[in-house]
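So you can see what is in the structure, the chains are spelled out below.
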Amino acid sequence: MRPRSPLVFMSLVCTLLNTCQAHRVHDDKPNIVLIMVDDLGIGDLGCYGNDTIRTPHIDRLAREGVRLTQHISAASLCSPSRSAFLTGRYPIRSGKWHQGLNCDSRSDHCHHPYNYGFDYYYGMPFTLVDSCWPDPSRNTELTFERQLWLCVQLVAIAVLTLTFGKLSGWVSVPLLLIFSMILFIFLLGYAWFSSYTSPLYWDCLLMREHEITEQPMKAERAGSIMVKEAISFLERHRKEPFLLFFSFLHVHIPLPTTDDFIGTSKHGLYGDNVEEMDSMMGKILDAIDDFGLRNNTIVYFTSDHGGHLEARQGHAQLGGWNGIYKGGKGMGGWEGGIRVPGIVRWPGKVPAGQLIKEPTSLMDIFPTVASVSGGSLPQDRVIDGRDLMPLLQGNARHSEHEFLFHYCGSYLHAVRWIPKDDSGAIWKAHYVTPVFQPPEAGGCYVSSLCRCFGEQVTYHNPPLLFDLSRDPSESTPLTPATEPLHDFVIKKVADALKEHRETIMPVTYQLSELNQGRMWLKPCCGVFPFCLCDKEEELSQSWGLNEKR
């Protein structure tokens, strides 16, 4: 038995990165650019049917490449994929890391991208939270915190001066005044430190390599800086094979958007954020063309989940649209949360304008990149992904996937079966489904995100069965009375699930609650707890001057 261990999607990239290091001398191998958007609904793009949000650059990529219409994310929430990880020639990671950072101290960086095969990293080590993009009072709040800390320092200096003067006999000061000032220092210090419990300070930061460059970060400009960093990388390494993994902060809540795009779409802040993301995609694609890399570069575009339906501000929708598919991000096996956009472009190697309806997965990127870059797959574990190249190049009619297992966190919720009999059926059995709040609402609007286990899910025995080829919206479960093959399909899926579970080897979940909320593990750009810095402002101004020239 080959063990499998639950890792997130990044694990698909890291082992490949390490594998391909041994093949750096093969200059005939393509460059690889992997681009992942956060929480983008499959119905949010023009090339997937949306005619109200403008995404011309992604639509152009789809016309020039292959569009996958049944592309499945590795899992809902955190992926329990048992694949390993790839690194390529000169690999760079730009954008959101979301793998954690520290183990035992705030500076050990045990989960830094460098420890997963990357040669360079710029981005956000955690994920976006609401505090990362507050209302416009953010600057006022930060100014207040700095002034408050300055007051603490000034009063402390005054207390030390008066105490020294009294002890030396230079001044006559009542002890009550000194004690009162000391108490005042403690009160000011408590007020200052209490304000630092906000995730704005500890989770919303930017790093270049091992250095924190901005804490807290200005989220609305972070995306633009990351794009410029990626373009700079493309320019520096255009004469050697490379792998660039660019992970957007867009379009995850709180949707930090620059003023240039605020109010430009028909769908509020979310639409503005999607259109800004598309503009950034255009800059990356233009850079690939401008540097003469187009014909020798594979570009892969996808999203980690479907749209986040419960993301709202009042009655305003802040999450994406998943088209005809039921559910969204964090809803286990429901199609809306796991069916995501998938576009692959490789001029001259992959025919342009193709539409592939076969089941594919984000996990397929691992063996595909290994194949095109001359890497080899690990032999000590089960690899769930399949090489996409035969399908993309038209050398295979059908996907190699027969079963796909859909998880919510580390909990299996559903199984997809694609029979090899040319029947066209796509069976999906749901063993667990989230309890929507309120009932019939189509989402978990009370808790803001559905749960994976416990009292807020429903366990089905026998499982709910659908045929996605006839009912892609999963609206009506099949029964023995309505589907003659019902019992046969349920048994077939159960046998595959049993075999699958025998290959799973549990591992420690590095993003568990045990590693959250520990102040001593929080990264700090200065001497704790004085963690305020902005090293990006000067660089940003310098970029602006260069652009004007």
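Before reading further, recall that the structure is shown in the block above.
The rules we used
- Residues numbered from 1 in each chain as written.
- Predicted model: local features only at pLDDT ≥ 70, side-chain atom pairs only at ≥ 80, totals over all residues.
- Heavy atoms only, no water.
- Helix = DSSP H or I, 4+ residues; strand = E, 2+ residues; numbered from the N terminus.
- Buried < 20%, exposed > 50% of the residue type's maximum accessible area, 1.4 Å probe, protein only.
- Contact = heavy atoms within 4.5 Å.
- Areas by Shrake-Rupley, 256 points an atom, 1.4 Å probe, with all protein chains shown as cover.
- Salt bridge = Lys/Arg side-chain N within 4 Å of Asp/Glu carboxyl O.
- Core = buried A, V, L, I, M, F, W, Y, C linked by side-chain atoms within 4.5 Å.
- Axes fitted to C-alpha atoms, helices over the stretch in contact; angles between N-to-C directions.
- Parallel < 35°, antiparallel > 145°, perpendicular 65-115°, else oblique.
- Nonpolar A, V, L, I, M, F, W, Y, C, P; charged D, E, K, R; others polar.
- Pairing = 2+ DSSP bridges.
- Disulfide = S-S within 2.5 Å.

A. The overall build of the protein, seen in detail. When helices and strands are tallied, the protein shows 12 helices and 18 strands. When burial is assessed residue by residue, the protein has 56% of its 549 residues classed as buried. The contacts of the protein with a sequence gap of at least 6 include a subset with a gap of at least 24, amounting to 75%. When the accessible surface of the protein is summed, it comes to about 24,000 Å², and 57% of that surface belongs to carbon and sulfur atoms.

B. Focus on the pattern of salt bridges. Under the defined criterion, the tally for this structure stands at 21 salt bridges. The residue R416 makes a salt bridge to E335 at a minimum N-O spacing of 2.7 Å. With R416 in strand β15 (residues 411-417) and E335 in helix α8 (residues 335-338), this residue pair connects regions lying 81 residues apart in the sequence. What makes R416 buried here is its relative accessible area of 0%. With a relative accessible area of 0%, E335 lands in the buried category. Across the salt bridge formed by E474 and K428, the nearest N and O atoms sit 3.0 Å from each other. With E474 in the loop between β17 (457-467) and α11 (486-501) and K428 in strand β16 (residues 427-434), this residue pair connects regions lying 46 residues apart in the sequence. One network of salt bridges, in which partners are shared, links R60, E64, D286, D289, R294 and R345.

C. Representation of the nonpolar core in the model. Core analysis: the largest hydrophobic core is formed by 53 residues, its most contacted members being I35, L40, M217, L234, M277, M281 and F301. Among the secondary structure elements, those contributing two or more residues to this core are β1 (31-37), α2 (56-64), β4 (120-124), α6 (219-236), β7 (242-247), α7 (268-290) and β8 (297-303). Take this core: its biggest share by element is 9 residues, from α7. Apart from residues no more than four positions distant in its own chain, M281 is found in contact with I35, I58, L61, F248 and F301. Core analysis: the next-biggest nonpolar cluster, separate from the first, contains 23 residues, M36, V344, M389 and L392 among them.

D. Highlighting the environment of I253. By the element assignment, I253 lies in the loop between β7 and α7. Each C-alpha atom of the pair I253 and R312 lies 9.2 Å from the other, and the pair is 59 residues apart in sequence. If we skip the residues at most four places from it in the chain, I253 touches L128, D130, H308, A311 and L318.

E. Representation of the packing of α2 against α7 in the model. Look at α2 against α7: their axes get within 7 Å of each other, and the N-to-C directions meet at 50°. In terms of their interaxial angle, α2 and α7 are classed as oblique. For the pair α2 and α7, contact is made by P56, H57, I58, R60 and L61 and by M277, D278, S279, M281, G282, L285, D286 and D289, respectively. Taken together, the residues that form the contact of α2 with α7 break down as 6 nonpolar, 3 polar and 4 charged.

F. Geometry of the sheet that holds strand β14 (residues 403-408). Ordered in space as β14-β15-β16-β17, the 4 strands form an open sheet in which the pairing is antiparallel. Two strands lie at the open edges of the sheet, namely β14 and β17, each paired on one side alone. Across the sheet, the mean angle separating the axes of adjacent strands is 20° when strand polarity is ignored. Here β15 runs beside β16; their pairing, made up of 4 bridges, is antiparallel. In the sheet register, W417 faces β16, and the bridge partner there is W427. Each of β14, β15, β16 and β17 is contacted by α11, which is oriented at about 125° to β15, the strand it contacts most.

G. Fine view of unusual backbone geometry. That bond from Q437 to P438 is cis: its omega, -10°, falls within 30 degrees of zero. Structurally, P438 is set in the loop between β16 and β17. Here the amide bond leading from N461 into P462 is cis, since omega sits at 5°, within 30 degrees of zero. Its place among the elements puts P462 in strand β17. If you check the backbone angles, E209 has positive phi at about 55° while not being a glycine. One non-glycine residue, E440, lies in positive phi territory at about 70°. Mapped onto the fold, E440 is located in the loop between β16 and β17.

H. The arrangement of the state of the cysteines in detail. Counting across every chain of the model gives 4 disulfides. Residue C103 pairs covalently with C110 via a disulfide, S to S 1.9 Å. Looking along the S-S bond of the C103-C110 disulfide, the torsion reads about 90°, which is the right-handed sense. By relative accessible area, which is 30% here, C103 ends up partly exposed.

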